[in-house]
Amino acid sequence: MKKFLISLFILFSLSGGFTTTAFAEVFDYVGGNFDWLYLTNSERKQRVTQLFNIMFPKGYVTNFPRGMLKDKLGKYLKDADYKIHYDAVCAGYTHYKDVDLQPFTLGRSRYVYMYALQYPNAPQKTFYYDAMGRLKFIDFRYGGYPEFPYYTKKYAINGKLVRAMYLQSADTMYIFSNKGSFIGVKYQNTIYGFNYTK
């Protein structure tokens, strides 16, 4: 089987079909394909630059002015139903009424230190609360969410960017730091890095 796959790879490489179509179309095609490991360094750099320009169109990271998020998110600053939501995520529920729930635990423990809520009337946002129902972070989604691709930016309540991610598919996401530096590509449960400087 291994010899067959190597032969197939050589055949496609020599015919030119593999190098001209797979690399060019996988990124544009919204599917579960993961091609990062097959790209050259220059192709990786080009892709990272392309994604940076999509997520940071001004060419640099922007933060919200101090206090602006607190002013705009007044009713979301405190989860009025935090006791119910916290108990629900601790019990393993992923939905309560019409709200989507997600727990965050410490390591392998079952202790839920934070939980996320997504409301049906605000699908482009996810709100992250501590165990006492105080808002800590918020995700903003851009693009055709819930269809792929789309990207998210996570901000702390003080308006500072925490991280940004471009989601190509349910399995593949490109992660950038709060400074806009490329961290890596997460495919399923593995992160693949790349030494990249702009």
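Structure first, text after, so check above.
Treat the numbers as computed from the prediction; the structure is a model and nothing was measured.

(A) Structural detail: the sheet that holds strand β10 (residues 190-192). Taken together, 10 strands build an open sheet; the order of strands is β1-β2-β3-β4-β5-β6-β7-β8-β9-β10 and the sheet is antiparallel. Each edge of the open sheet is held by one strand with a lone partner, namely β1 (95-96) and β10. Two elements, strand β3 (residues 112-118) and strand β4 (residues 125-130), share 4 bridges in a ladder whose sense is antiparallel. What sits directly across from Tyr 115, in β4, is Tyr 129. In the packing of helix α3 (residues 41-55) onto the sheet, contacts are made with β6 (150-156), β7 (161-167), β8 (172-176) and β9 (182-187), and the angle to β8 comes to roughly 75°. Here helix α5 (residues 82-90) sits on the sheet and contacts β1, β2 (99-105) and β3; the angle it forms with β3, its principal contact strand, is near 110°.

(B) Structural detail: a positive patch on the surface. Together, Arg 66, Lys 70, Lys 160 and Lys 179 line one region of the surface with positive charge. Note on placement: Lys 179 falls in the loop between β8 and β9. Classification of Lys 179 by relative accessible area gives exposed; the value is 65%.

(C) Molecular detail of the nonpolar core. In terms of nonpolar packing, the biggest core is built from 39 residues, with Trp 36, Leu 73, Phe 127, Tyr 129, Tyr 174, Phe 176 and Phe 182 touching the most fellow members. The contacts of Tyr 174, once residues within four sequence positions are left out, are Asp 35, Trp 36, Arg 47, Leu 51, Ala 164, Met 165, Tyr 166, Gln 168, Phe 182, Gly 184 and Val 185.

(D) Here's a closer look at the packing of aromatic side chains. All told, the structure shown has 19 aromatic pairs when counted by the stated rule. Their ring planes at 20° and their centres at 4.9 Å tell us that Tyr 142 and Tyr 151 sit as a pair that is stacked. Taking relative accessible area as the criterion, Tyr 151 reaches 14% and is therefore assigned buried. A network of ring pairs unites the aromatic residues Trp 36, Tyr 174, Phe 176 and Phe 182 as a single cluster. The cationic tip of Lys 154 hangs over the ring face of Tyr 128; the distance from NZ or CZ to the ring centre is 4.2 Å.

Cut-offs and rules
Residues numbered from 1 in each chain as written. Predicted model: local features only at pLDDT ≥ 70, side-chain atom pairs only at ≥ 80, totals over all residues. Heavy atoms only, no water. Pairing = 2+ DSSP bridges. Helix = DSSP H or I, 4+ residues; strand = E, 2+ residues; numbered from the N terminus. Contact = heavy atoms within 4.5 Å. Axes fitted to C-alpha atoms, helices over the stretch in contact; angles between N-to-C directions. Patch = residues over 30% accessible without salt bridge, like charges linked within 9 Å, V, L, I, M, F, W, Y side chains within 5 Å. Areas by Shrake-Rupley, 256 points an atom, 1.4 Å probe, with all protein chains shown as cover. Salt bridge = Lys/Arg side-chain N within 4 Å of Asp/Glu carboxyl O. Lys, Arg positive; Asp, Glu negative; His and termini not counted. Charge placed at Lys NZ, Arg CZ, Asp CG, Glu CD. Buried < 20%, exposed > 50% of the residue type's maximum accessible area, 1.4 Å probe, protein only. Core = buried A, V, L, I, M, F, W, Y, C linked by side-chain atoms within 4.5 Å. Phe/Tyr/Trp six-rings, centres within 6.5 Å; stacked < 30°, edge-to-face > 60°. Lys NZ or Arg CZ within 6 Å of the ring centre and 35° of its normal.

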